[in-house]
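Architecture at a glance
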Amino acid sequence: MKLVFRKNEQEEITVLQSHDGIEHAFVYTDMIKALLKDGALEVPVLEGTFTEEEKRSIDNMVSEINRETKEAMTAIVGVEKSDGNPAP
């Protein structure tokens, strides 16, 4: 899944989520489900005129989400292995 950020002429930013090229309204729970399934967000799409600071902020946010997801998934696998349950 990738996030699509659109900035209009009034400087309003809209966030959508894109699955297989199909865009949907952004829903946090859908993002979490996609992260659990895919393990990471793809590089975000920025449409409109974003400042360098806005671009950097969005990239940092996605990187942080991916880093936290990876750490959480690694911890889950470690717990399952230590419990004797097979890892996914």
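The present account deals with the structure reproduced in this document. (Residues numbered from 1 in each chain as written. Predicted model: local features only at pLDDT ≥ 70, side-chain atom pairs only at ≥ 80, totals over all residues. Heavy atoms only, no water.)

1. Structural notes on the side chain of Ser18
- When you line up the elements, Ser18 lands in strand E2 (residues 13–19).
- Contacts of Ser18, omitting those with residues within four sequence positions, involve Met1, Lys2, Val4 and Glu23. (Helix = DSSP H or I, 4+ residues; strand = E, 2+ residues; numbered from the N terminus. Contact = heavy atoms within 4.5 Å.)

2. Quick word on the nonpolar core
- The biggest cluster of nonpolar side chains holds 10 residues, and these are Met1, Leu3, Phe5, Met31, Ala34, Leu35, Leu41, Phe50, Ile58 and Val62.
- Within the residue set of this core, elements represented by two or more residues are strand E1 (2–7), helix H1 (28–38) and helix H2 (52–82).
- Considering every element that reaches this core, the biggest residue donor is H1, with 3 residues.
- If we ignore the near neighbours within four places in the chain, the residues touching Ala34 are Met1, His19 and Gly39. (Core = buried A, V, L, I, M, F, W, Y, C linked by side-chain atoms within 4.5 Å. Buried < 20%, exposed > 50% of the residue type's maximum accessible area, 1.4 Å probe, protein only.)

3. Describing the packing of aromatic side chains
- One pass over the full model with this rule turns up 1 aromatic pair.
- Each ring, one from Phe26 and one from Tyr28, has its centre 4.8 Å from the other, and the planes form 80°; the classification is edge-to-face.
- Take Phe26: its relative accessible area is 23%, and that puts it in the partly exposed class. (Phe/Tyr/Trp six-rings, centres within 6.5 Å; stacked < 30°, edge-to-face > 60°.)

4. Brief notes about the sheet that holds E1
- Reading across the sheet, the 4 strands line up as E3-E2-E1-E4 and stay open at both edges, with mixed pairing between neighbours. Single-partner strands in this sheet number two, and they are strand E3 (22–25) and strand E4 (45–47). Each neighbouring strand pair of the sheet contributes to a mean axis angle of 30°, computed without reference to strand direction. (Pairing = 2+ DSSP bridges. Axes fitted to C-alpha atoms, helices over the stretch in contact; angles between N-to-C directions.)

5. Some thoughts on the pairing of E2
- As paired elements, E1 and E2 share 6 bridges and run antiparallel to each other. Considered in E2, the bridge of Phe5 is made with Val15.
- In textbook terms, the turn of a hairpin is the stretch between consecutive antiparallel strands, and for E1 and E2 this stretch comprises 5 residues, one of which, Glu11, has a positive phi near 70°.
- Pairing of E2 with E3, which is carried by 4 bridges, proceeds in the antiparallel orientation. Considered in E3, the bridge of Leu16 is made with Ala25.

6. Concerning the pattern of salt bridges
- The full count for this structure, using the stated rule, is 10 salt bridges.
- A salt bridge links Arg56 to Glu53; its shortest N-O distance comes to 3.0 Å. Here Glu53 and Arg56 lie together in helix H2, a separation of 3 residues that amounts to about one turn.
- Taking relative accessible area as the criterion, Arg56 reaches 45% and is therefore assigned partly exposed.
- Connected through shared salt-bridge partners, Glu64, Arg67, Glu68 and Glu71 make up one network. (Salt bridge = Lys/Arg side-chain N within 4 Å of Asp/Glu carboxyl O.)

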